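Observations on chain architecture
This is what each chain is made of:
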Amino acid sequence: MKHTGRAFWTDSPGRGAIRDVALPAPGEGEVLVRTLFSGVSRGTETLVFRGGVPVSQHKAMRAPFQEGDFPGPVKYGYLNVGVVEEGPEELTGRTVFCLYPHQTRYVVPAAAVTPVPDTVPAERAVLAGTVETAVNALWDAAPLIGDRIAVVGGGMVGCSVAALLARFPGVRVQLVDADPSRAKTAEALGVGFAAPEDADGDLDLVVHASATQAGLTRSLELLAAEGTVLELSWYGDRQVSLPLGEAFHSRRLVIRSSQVGTVSPARPNRSYADRLAVALDLLADPALDALITGESLFEELPDVLPRLVSGEVPALCHRVRYDESDGHIG
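Quick caveat: nothing in here was measured; it's all calculated off a predicted structure. (Residues numbered from 1 in each chain as written. Predicted model: local features only at pLDDT ≥ 70, side-chain atom pairs only at ≥ 80, totals over all residues. Heavy atoms only, no water.)

Helix and strand counts for the protein chain stand at 8 helices and 18 strands. Over its C-alpha atoms the protein chain spans a radius of gyration of 20 Å, differing by no more than 12% from the 20 Å that the globule rule assigns to 330 residues. With respect to the principal axes defined by its C-alpha atoms, the protein chain has extents near 70 × 40 × 35 Å. Pairs at least 24 apart in sequence give 66% of the contacts found in the protein chain among residues at least 6 apart. Summing over all exposed atoms, the protein chain offers an accessible surface of approximately 14,400 Å²; the carbon and sulfur share of this is 51%. Of the charged side chains in the protein chain, 29 are positive and 41 negative, and the gap between their average positions amounts to 3 Å. (Helix = DSSP H or I, 4+ residues; strand = E, 2+ residues; numbered from the N terminus. Rg over C-alpha atoms; globule rule 2.2 N^0.38 Å. Contact = heavy atoms within 4.5 Å. Areas by Shrake-Rupley, 256 points an atom, 1.4 Å probe, with all protein chains shown as cover. Lys, Arg positive; Asp, Glu negative; His and termini not counted. Charge placed at Lys NZ, Arg CZ, Asp CG, Glu CD.)

Here it is as structure tokens:
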């Protein structure tokens with residue numbers, strides 16, 4: 001039986017197209033998945049779409065099921081939720097999450113999919129990859145009860161971190177962003193909000209996720225002595241300057257990187273699968289629906305991606321919806 005599907009490709013920086021793909025029949029230990037939803041992570045994926053991945057990072061930035069190479073043609077993406085149509089009996093018919101690009105149907109090893117808990121709607125499960133990044137960040141940051149914390153940058157990753165921090169007992173959390181519309185998102189997530197110039201200072205921890213030089217500089221300014229900035233931003237091919245003179249050394253400030261490509265060394269007994277399972281369990285909270293701020297159909301992606309890059313379509317996570325007729329078995 002012939003399996004076919006359609007996939008979104010970035011043909012060249014700023015230009016994408018949908019291509020037909022022929023799929024193999026799933027073999028032993030493989031699954032055929034029909035996509036229900038995928039998500040566009042506005043930060044990383046728009047960087048890829050505009051051709052902003054530096055040559056030195058081409059290998060590090062590869063997605064698990066990426067095809068092609070940067071800057072293009074490349075098939076890229078990692079937030080995919082679908083239903084298993086063929087495969088092992090225990091997975092057939094299950095809704096699953098997979099780090100797969102935007103494609104109507106695909107065949108992967110069964111070990112590459114994670115069942116979505118019954119408590120999590122498929123529409124929300126597209127956030128799993130980003131919430132997984134937030135889980136790893138908080139494993140790295142190790143916040144303590146009573147800490148004073150800011151998250152600078154109210155994008156998809158920053159808001160995910162803020163949402164998880166809101167669950168910590170006794171922690172004061174403030175989301176800091178130059179866009180006043182993020183105040184509504186902060187309220188939905190149960191955290192405070194401030195513009196950068198009005199943010200509370202004397203903080204134990206600042207999680208920086210704005211991907212701007214100004215945001216990182218302000219993050220340092222907000223710290224108390226001995227405080228830490230956890231840097232989550234990905235700057236791509238842009239250079240960043242920091243004020244490491246003045247009181248940086250006398251106040252013994254720390255800048256620490258965190259990146260989802262490696263499980264936090266603070267959790268040496270946890271695997272990638274363990275971390276993703278934690279993220280999916282956390283998505284039972286309906287407050288996280290606030291992170292999904294737009295939706296379009298799969299066939300609209302070639303027009304939607306340029307508008308996401310330009311900011312014409314504002315978004316945290318932009319969800320892509322698939323019709324059952326988007327792929328077929330012939």
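Further remarks concern the nonpolar core. Within soluble globular proteins, side chains that are nonpolar tend to cluster in buried spots. Judged by nonpolar contacts, the single largest core of 55 residues is most densely connected at Tyr 76, Phe 97, Leu 127, Val 161, Leu 280 and Leu 283. Taken together, the elements giving at least two residues each to this core come down to helix 2 (122–125), helix 3 (128–141), strand 10 (148–152), helix 4 (156–165), strand 11 (172–176), helix 5 (182–189), strand 13 (203–208) and helix 7 (272–282). (Core = buried A, V, L, I, M, F, W, Y, C linked by side-chain atoms within 4.5 Å. Buried < 20%, exposed > 50% of the residue type's maximum accessible area, 1.4 Å probe, protein only.)

Moving on: unusual backbone geometry. Following Phe 70, the chain continues to Pro 71 via a peptide bond in cis, the omega torsion being 0 degrees. Mapped onto the elements, Pro 71 comes out in the loop between strand 4 (67–68) and strand 5 (74–75). Residue Pro 73 is reached from Gly 72 by a cis peptide bond, and omega for that bond is -5 degrees. Tracing the sequence through the fold places Pro 73 in the loop between strand 4 and strand 5. A positive phi angle is found at Asp 202, which is not glycine, with a value near 60 degrees. Relative to the elements of secondary structure, Asp 202 occurs in the loop between strand 12 (192–194) and strand 13. Backbone geometry places Arg 252, a non-glycine residue, at a positive phi of 55 degrees. Mapped onto the elements, Arg 252 comes out in the loop between strand 14 (223–231) and strand 15 (254–257).

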